[in-house]
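Structural features, examined
Residues per chain, in single letters:
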Amino acid sequence: SASRRYAPNIAATWMFQKSFVHPVGSDRPSTFVNRLMRQNYENMRDLGDGVLRPFNQDVVQPRALLRVLGLATVRDPLNIPQLLRWIGPAELAEWLGHFGLMLA
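Report on the accompanying structure.

About the criteria used
Residues numbered from 1 in each chain as written. Predicted model: local features only at pLDDT ≥ 70, side-chain atom pairs only at ≥ 80, totals over all residues. Heavy atoms only, no water. Helix = DSSP H or I, 4+ residues; strand = E, 2+ residues; numbered from the N terminus. Expected span 1.5 Å × (residues − 1). Buried < 20%, exposed > 50% of the residue type's maximum accessible area, 1.4 Å probe, protein only. Arc of directions from axis to C-beta. Contact = heavy atoms within 4.5 Å. Salt bridge = Lys/Arg side-chain N within 4 Å of Asp/Glu carboxyl O.

Side note on helix α6 (residues 89-103)
With 15 residues, α6 ought to run about 21 Å at 1.5 Å a step, and its terminal C-alpha atoms sit 21 Å apart, in line with that. Residues of α6 that are buried: Glu91, Trp95, His98, Phe99 and Met102. Across the axial projection of α6, the buried residues extend over an arc of 100°, all falling on one side. Residues of α6 that are exposed and point over 90 degrees away from its buried face: Pro89 and Ala90. Against α1 (8-19), α4 (62-75) and α5 (79-87) lie the buried residues of α6.

Next up, the structure:
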């Protein structure tokens, strides 16, 4: 029987999936996902191909991700509380654990 090894980068990717979903019947503003995606792609573009290309190839690199998230916090700090509201504190705490393991 094959065993599945834990991969923190794959586990961390699930938060992105959850933040980009607009659940049926949700009161989440329809502009939320577009704003989040636009900001992240603009940040990756501005940080260069070394950040953008791996992301588009589904290769999550923790230091590049840290740069994108840092820039997003500086450029659009008012989106952070909205993001936390929609993903929830438990989901964020779980993601931070996976992200921390990616940096280890």
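Focus on the environment of Trp95
Relative to the helices and strands, Trp95 resides in helix α6. Each residue touching Trp95, except ones within four places of it in the same chain, is listed here: Ala12, Met15, Phe16, Leu65 and Leu69.

Let's talk about the pattern of salt bridges
Under the criterion given, the structure shown has five salt bridges. Across the pair Arg35 and Asp76 runs a salt bridge whose closest N-O atoms are separated by 2.6 Å. Here the residue Arg35 occupies a position in helix α2 (residues 31-47), and Asp76 occupies one in the loop between α4 and α5, the gap between them amounting to 41 residues. In this structure Arg35 comes out as partly exposed when scored by relative accessible area, which is 22%. With a closest N to O distance of 2.8 Å, Asp46 and Arg75 form a salt bridge. Of this pair, Asp46 sits in helix α2 while Arg75 is found in helix α4, placing the two residues 29 residues apart along the sequence. Taking the relative accessible area as the measure of exposure, Asp46 reaches 40% and is therefore partly exposed. Overall, Arg75 belongs to the partly exposed group, its relative accessible area being 40%.

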